[in-house]
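Breakdown of the fold
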Amino acid sequence: MKLTIKNWTGVATWKWVANDDNCGICRMAFDGCCPDCKLPGDDCPLVWGQCSHCFHMHCIVKWLQSQPVNQQCPMCRQEWKFNNK
Amino acid sequence: MQEVDVQDAWIFINKIFPILNSSYPTVYTKEEFYKAAKIIKELNLTCFVQDMVILKIETSLRKSIIPKFWSHFKSPENIKPFYKFLKAIDSLYEDYSKLLEVINALDMLRNINNFDKPIMGEMNIKNSLKLMLKSTMFSQHHTSYDKVISYFYEEALLLEDMDSFSSKQCPICSLLDCSNCETLFLKANGKLIEMSLLGPLTDQALTDLIYYYINMHIQKTCKDNFDTSYIESFEKWLDRVIITWLKKIYCHSEVSDRSIADFDKKLRNYLYNTYTKIRINQLFNIIIEYPDSLAALEDIKICLPKTDLKQYLIKKLQQAVETRLLHLGVSTSDVLTAYVAAIRSLRFLDPSGLLLEVITQPIHQYLRSREDTVRCVVSSLTEEGPNDLAEELVRGETVLCDENTIQDSDENWETWTPESSDHQPSKIPATKRSSDIISMLVNVYGSKELFVNEYRTLLADRLLCQYSCDTEKEIRYLELLKLRFGDSQLHYCEVMLKDIVDSKRINQHIKQDPNYKNQEIPISTMIVSAQFWPPFKEEKLELHPKLLTQFESFTKGFETLKGSRTLCWKNHLGIVDLEIELSSRTLSLSVSPVHATIMMHFQDSNRWTLNDLSKTMQVPPTVLRRKIGFWQSHGLLVENEQDIFLLKEETSEDNIVQDNIIIEDYESESAMASAQDQRDEELQTFWSYIVGMLMNLDTLSLERIHQMLKMFALQGSSVEYNIHELKIFLDKKVREHQLIHSNGLYKLPK
């Protein structure tokens, strides 16, 4: 018997490699999107801070804009710096 | 002298009133008559003679004339009723004429002698005779005689309605072009009129006959024919045949105009009633054939206000719906088709929507109890080809489910009519009664969410089954649905479709990546956003190592393409196109990954025990056996001994199941978790409440648990459970030994 597989259509779900399931700001799933967005993934990316916490980019930007003085991570109160790894 | 006078007088009296002697021939001269009259007057016997004569007439009527008349009706069967009646009338008329002579003589006597004592309260003694005739006749009447009378008229009517026969043969005497029968018939009627018997003797029979005839005519004409309007033609027919005929019968009567007018009113009313009833009895069929049966519906619409049969219609139609539609033998899609047709046709019949509501209420309830209703609605909404629901969808109107939407009716207040009171008062005001078919269907469930969820599941299944599916088309439908259900509800579906489009692009990218080694198994991947798809059915499956490396390298490709993201493979989902070359034949199949993996393992080794394969593939043996069954049915694997499977290289000719046929035969199960599973999962959240309750209160009845859950846990949550569902859930827990059920009470096991 000769078995030839002409095409294998697999199914996979994608997910962010993050240390948590939900965004600490909007409490929505990382794999979903922030409340302002409709489409997940590229349109609503995650960002990591140097403190290793991560959020929806839109959420943390909104947060930082609402902080007049110190730009802190909402989780650990360290100064927020984007981790461009 | 006196003696002789009396003797003579009696002879004279007998001569002019021979009836006193029970004989008829009345031969006397005028002189004789005057002489007799004089004698009677002299002897002052006028009153006595009159009484005697009337008594004799009565006796002869009672004893001979009337029994003779009726006896004609009882004559042997082989004589046609037409002739029986004709003969009876003739003989009666003959007797009547004789009596009339007597009466005439009596009348003359009264005139000469100036005697005016009324007979039977009648001054005109001819009327007295008629009265006597009538009363005696009906005192000896028997209902079975009516049959003869109605036969008589029926045959005569057939004679009149000749155009309904193709042949020119006379229905009575079977002669061609007979005109004699009609003359006989008209003559008989003339005699009846003369005796004032036409009304009393024949009216009932005549009316019955005509009713029957109208009924027959309508039945015959509009049987199974809904696409023509008959009202007008029936009215014309009534005028042409029945009324004309009646006019002929009554033509000699002095009261003809009034009788005919009465008949006309009565018959027209009957015509409408009968026609409406017949149509109402056909209404279910009319509804089913809706657009073609518009003419019939129009007729009903015209007839209903004239006949007062609305209640009858409601009752009949509900019965028909009950017996013909709402049972297990009818598939859901047929119920839906009928439902849509009912909505359309009833809305046409009664624009106020009340009728519709009353009739469709049971259908709503029934549809709610069918499991696949939503699925049917959704699939017919999106189906290709001519389809009522799809058309409705394209027409586009927003679904109004919200109880709070206030429709401002812009109709003119002057044309407003109060709601008819013959239905049960309904809670929904007229303005809320939606006329939109899709809205009504959605309202069967009362929530858009259920509909949208079902659509999502169906879409997910479709997308997973055919990777190459026509996303353009799906997007078009999605846009149409969005018009109906609003953007927010269908947002998930939008993401799902975008996933498919993106997947194609990502696949291309990764395959162009030089780091991605194109191996022997070409793969493509659907990359889906788990949050937006309906939950997948979870099954474990360990794929063949060859494939795993392939998947790994694909994952790597994805990770480099999309930073910080990775893939979780759903090994059991997807489709595999494969080709199996055997020495004698080639099979081309599309199968599920489990099936493909089984064959890949058998390619490595042609003998596997069920247990080994189960361990390797991490699939439970029972499930695996079922999957192997698929290949057994294709004649590729055989179970040699218990639980040992062998690859069968050579198939003997008679064993070939399907030869060189491209079989697309993967089990068409949904890849999505079933609605039941999802529901159970929702109930699972309450399990902790239930455990808590039982720990505190030891034992509880089903009702108590339901009540308490309703009070504490279900409050504010969007989920709604009825007691039945809860019972099923609890029973499952009992089976899993997490709960004990005894004496109708639940408790926790110790």
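Before reading on, note that the structure itself is shown above.
Notes on the structure in this doc start here. Every value quoted in this text rests on a predicted model; they were computed, and no experiment measured them.

**Here's the deal with the sheet that holds strand β4 (residues 607-609) of chain B**
All names here are of chain B. The strand order β4-β6-β5 describes an open sheet built from three strands, whose pairing is antiparallel. A strand with exactly one partner marks an edge of an open sheet, and here the two such strands are β4 and β5 (637-641). Between one strand axis and the next, the sheet turns through 30° on average, direction left out of account. Summarising the sheet, β5 and strand β6 (residues 644-647) pair through four bridges and their orientation is antiparallel. Within the sheet, the bridge partner assigned to L637 lies in β6 and is L647. Sheet contacts for helix α24 (residues 610-617): β4 and β6; angle to β4, the most-contacted strand, approximately 85°. With respect to the sheet, helix α25 (residues 621-633) is in contact with β5 and β6, its orientation differing from that of β5 by roughly 115°.

**Description of the pairing of strand β3 (residues 586-591) of chain B**
All names here are of chain B. Of all the six residues making up β3, five are buried; the element is thus mostly covered by neighbouring parts of the structure. Note that strand β2 (residues 565-581) and β3 share six bridges and pair antiparallel. Note on β3: the bridge partner recorded for D577 is S590. The turn linking β2 back onto β3 is made up of four residues.

**Comments concerning the packing of aromatic side chains**
Applying the stated criterion across every chain, the model contains 18 aromatic pairs over all chains. Judged by centre distance (6.1 Å) and plane angle (15°), the ring pair of Y213 of chain B and W237 of chain B falls under stacked. Taken together, the residues Y213 of chain B in helix α8 (residues 198-222) and W237 of chain B in helix α9 (residues 231-250) connect sequence positions 24 residues apart. Given the relative accessible area of 4%, W237 of chain B is considered buried. Among the aromatic residues, ring-to-ring pairing joins W14, W16 and W48 of chain A into one connected group. When the ring centre of Y312 of chain B is taken as origin, the NZ or CZ atom of K277 of chain B, which lies over that ring, is 5.6 Å away. When the ring centre of W14 of chain A is taken as origin, the NZ or CZ atom of R565 of chain B, which lies over that ring, is 5.8 Å away.

What counts, and where the lines are drawn
Residues numbered from 1 in each chain as written. Chains lettered and ligands numbered in written order. Predicted model: local features only at pLDDT ≥ 70, side-chain atom pairs only at ≥ 80, totals over all residues. Heavy atoms only, no water. Pairing = 2+ DSSP bridges. Helix = DSSP H or I, 4+ residues; strand = E, 2+ residues; numbered from the N terminus. Axes fitted to C-alpha atoms, helices over the stretch in contact; angles between N-to-C directions. Contact = heavy atoms within 4.5 Å. Buried < 20%, exposed > 50% of the residue type's maximum accessible area, 1.4 Å probe, protein only. Phe/Tyr/Trp six-rings, centres within 6.5 Å; stacked < 30°, edge-to-face > 60°. Lys NZ or Arg CZ within 6 Å of the ring centre and 35° of its normal.

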